Amino acid sequence: MNDSVVVAPRVAGGAASEPVDVEALVAALRDRTAKVGIIGLGYVGLPLLRAAAERGFSALGFDIDRAKVDLLNAGGSYLCHISTASIAAVRQSGHLAATADFSRLGEVDAVILCVPTPLTRQREPDLGFIVSTTEAVASHLRRGQLVVLESTSYPGTTREIMRPILERGGLRSARDFFLAYSPERADPGNADFATGDIPKVVAGDGPDALRLAQALYDAVVARTVPVSSLDTAEAVKLTENIFRSVNIALVNELKIVFEAMGIDIWEVIEAAKTKPFGYMPFYPGPGLGGHCIPIDPFYLTWKAREFAIATRFIELAGEINTAMPERVAEKTLAALRERSGRMPDGARVLIIGVAYKKNIDDTRESPALIIMEALEREGALVSFHDPHLAEIPRTREHAQLAGRRSTPLSAATVGSLDAAIICTDHDAVDYRLLVEHCPLVIDTRNACARRGLPGERVVKA
């Protein structure tokens with residue numbers, strides 16, 4: 001099978017003087033005869049590509065990584081929470097294909113951008129991927145296409161950055177093509193909420209763009225939630241993640257306060273969440289990871305400065321969460337000294353879980369990497385075990401850790417350690433073996449207590 005899929009009949013276009021047939025494109029999206037292109041086949045783009053294909057669209061994925069493209073076209077998957085069987089099924093049906101040839105963007109009726117939006121070293125928005133990808137789309141843009149951004153960014157990005165680039169060739173948004181924003185909502189590894197189960201906020205540059213975006217996502221997800229403007233939709237995504245960042249910072253701070261008082265924060269949260277109103281549980285941890293919560297709030301703080309507004313609350317939450325990995329490292333070293341008189345230099349420490357959250361293989365912004373480096377600066381000998389990650393990938397901030405391989409768990413291996421730190425509470429870890437054979441276990445996730453394991457050797461952090 002080659003990397004092409006059946007091209008849907010052109011539902012829009014024609015001479016520049018002719019109006020675009022919006023109704024025809026709406027109908028094609030609703031009955032899934034339109035062809036959908038998705039750029040960026042990572043943790044957001046690949047699940048969306050699969051969902052569109054499973055619902056009957058001809059779905060063409062675009063990525064600059066030819067290894068990903070080749071694997072998808074062979075019916076394989078490179079994400080642990082996206083099964084090979086599911087990709088093989090939609091590949092075999094002819095509904096899914098992938099390509100690194102961006103000239104094929106002209107084939108599709110809807111283009112969805114799912115590209116990274118990282119921060120610079122100065123913690124300012126880095127829109128390089130959005131800009132370069134939008135320029136690629138502009139090079140092949142034709143009349144009647146719907147272009148949707150899903151990447152998280154500050155309010156104004158779609159309107160101020162994308163639209164001028166797309167209009168450079170003479171086509172005009174809301175007249176010749178249609179521009180929309182629908183913030184990605186994904187929770188990798190969550191078996192209860194796949195891409196198609198999660199409602200999607202949608203906004204358009206004009207009423208036609210909104211109708212088209214709703215028609216597209218109504219055919220893919222459970223429900224769409226229209227809002228009044230592109231900027232509003234962008235603000236919705238930031239609000240969701242800032243809400244989580246602030247509340248996680250709160251419980252991280254409470255953990256420190258209650259620990260000084262001899263109170264277990266985990267017991268407090270379990271009791272508090274029995275209140276059926278006015279409370280929502282959030283949990284402390286070793287720091288924030290993933291592409292969203294550690295990064296997205298800073299997009300708003302940066303944009304707010306344009307309006308001479310200081311986002312003190314958001315920035316304070318960021319400071320608290322950012323400090324947590326170093327605190328875990330410090331607590332580990334203190335526990336080694338207090339319990340065994342062991343100095344950091346030469347101490348053998350095993351990190352349990354390098355992925356930023358349980359049951360996935362995603363290491364983006366993982367606090368475990370910061371903890372590893374902090375311990376090694378003190379002279380500790382650090383290794384890791386992660387059932388979902390055979391090797392640490394190359395990252396911009398932690399390049400020196402790239403290539404390290406996961407250490408298998410065994411009684412002999414664990415018994416030779418001075419300490420183990422549970423950074424990520426993967427289900428596929430033998431915690432009983434860990435507690436029975438390791439002299440010191442630093443538990444940042446309450447994983448041992450939740451499994452009823454004895455706590456003589458366990459220190460919560």
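Everything here concerns the structure above.
To start, this report covers the structure provided alongside it. Keep in mind the model is a prediction, meaning the values are calculated, not measured.

### Here we look at the nonpolar core
- One finds Leu29, Ile38, Phe57, Ile112, Leu146, Leu212 and Leu216 to be the most contacted residues of the largest nonpolar core, which totals 45 residues.
- The contacts of Leu216, once residues within four sequence positions are left out, are Leu29, Val36, Phe57, Ala110, Ile112, Leu146 and Val148.

### Quick notes on the environment of Gly452
- Summarising the element assignment, Gly452 is placed in the loop between α15 (447–450) and β13 (458–460).
- Residue Gly452 is classed as exposed on the basis of its relative accessible area, which comes to 58%.
- Along the backbone, Gly452 and Ile293 are 159 residues apart, and their C-alpha atoms lie at a distance of 30 Å.

### Quick look at the pattern of salt bridges
- Taken as a whole, this structure holds 31 salt bridges when the rule is applied.
- We note a salt bridge from Arg159 to Glu160, for which the minimum N-O separation is 3.4 Å.
- For Glu160, a relative accessible area of 35% translates into the label partly exposed.
- A salt bridge links Glu240 to Arg185, with the shortest nitrogen-to-oxygen separation between them at 2.4 Å. Taken together, the residues span a long stretch of sequence, with Glu240 in helix α8 (residues 230–260) and Arg185 in the loop between β6 (178–181) and β7 (200–204) at a distance of 55 residues.
- Look at Glu240 and you get partly exposed, because its relative accessible area is 23%.
- With relative accessibility at 25%, the residue Arg185 sits in the partly exposed group.

### Brief notes about the environment of Pro344
- Residue placement: Pro344 occurs in the loop between α11 (312–340) and β9 (348–352).
- Residues Pro344 and Glu54, spaced 290 residues apart in sequence, show a C-alpha to C-alpha distance of 53 Å.
- Excluding its chain neighbours within four sequence positions, the residues that come into contact with Pro344 are Leu333, Arg337, Glu378, Gly379 and Ala380.

### Structural notes on the pairing of strand β2 (residues 58–62)
- Buried residues dominate β2, accounting for five of its five residues.
- Across the two faces of β2 the burial is the same, with Ser58, Leu60 and Phe62 and Ala59 and Gly61 all buried.
- Sheet topology note: the strand β1 (residues 35–39)/β2 ladder contains five bridges and is parallel. Across the sheet, the residue bridging to Val36 is Ala59, located in β2.
- Taken together, β1, helix α2 (residues 45–54) and β2 constitute a β-α-β crossover, and its handedness is right-handed.
- By the bridge criterion, four bridges tie β2 to strand β3 (residues 96–99) in an arrangement that is parallel. Looking at β3, one finds that Ala59 is bridged to Leu96.

### Some points on the side chain of Asp205
- Examined against the element boundaries, Asp205 turns out to sit in the loop between β7 and α7 (207–218).
- One polar contact links Asp205 to Ser173, side chain to side chain, over a distance of 2.5 Å.
- If we skip the residues at most four places from it in the chain, Asp205 touches Arg163, Ser173, Ala174, Leu179 and Leu230.

Analysis parameters
- Residues numbered from 1 in each chain as written.
- Predicted model: local features only at pLDDT ≥ 70, side-chain atom pairs only at ≥ 80, totals over all residues.
- Heavy atoms only, no water.
- Core = buried A, V, L, I, M, F, W, Y, C linked by side-chain atoms within 4.5 Å.
- Buried < 20%, exposed > 50% of the residue type's maximum accessible area, 1.4 Å probe, protein only.
- Contact = heavy atoms within 4.5 Å.
- Helix = DSSP H or I, 4+ residues; strand = E, 2+ residues; numbered from the N terminus.
- Salt bridge = Lys/Arg side-chain N within 4 Å of Asp/Glu carboxyl O.
- Pairing = 2+ DSSP bridges.
- Right-handed = clockwise from strand over helix to strand, strands pointing away.
- Polar contact = N/O pair within 3.5 Å; in protein donor to acceptor, adjacent residues only side chain to side chain.

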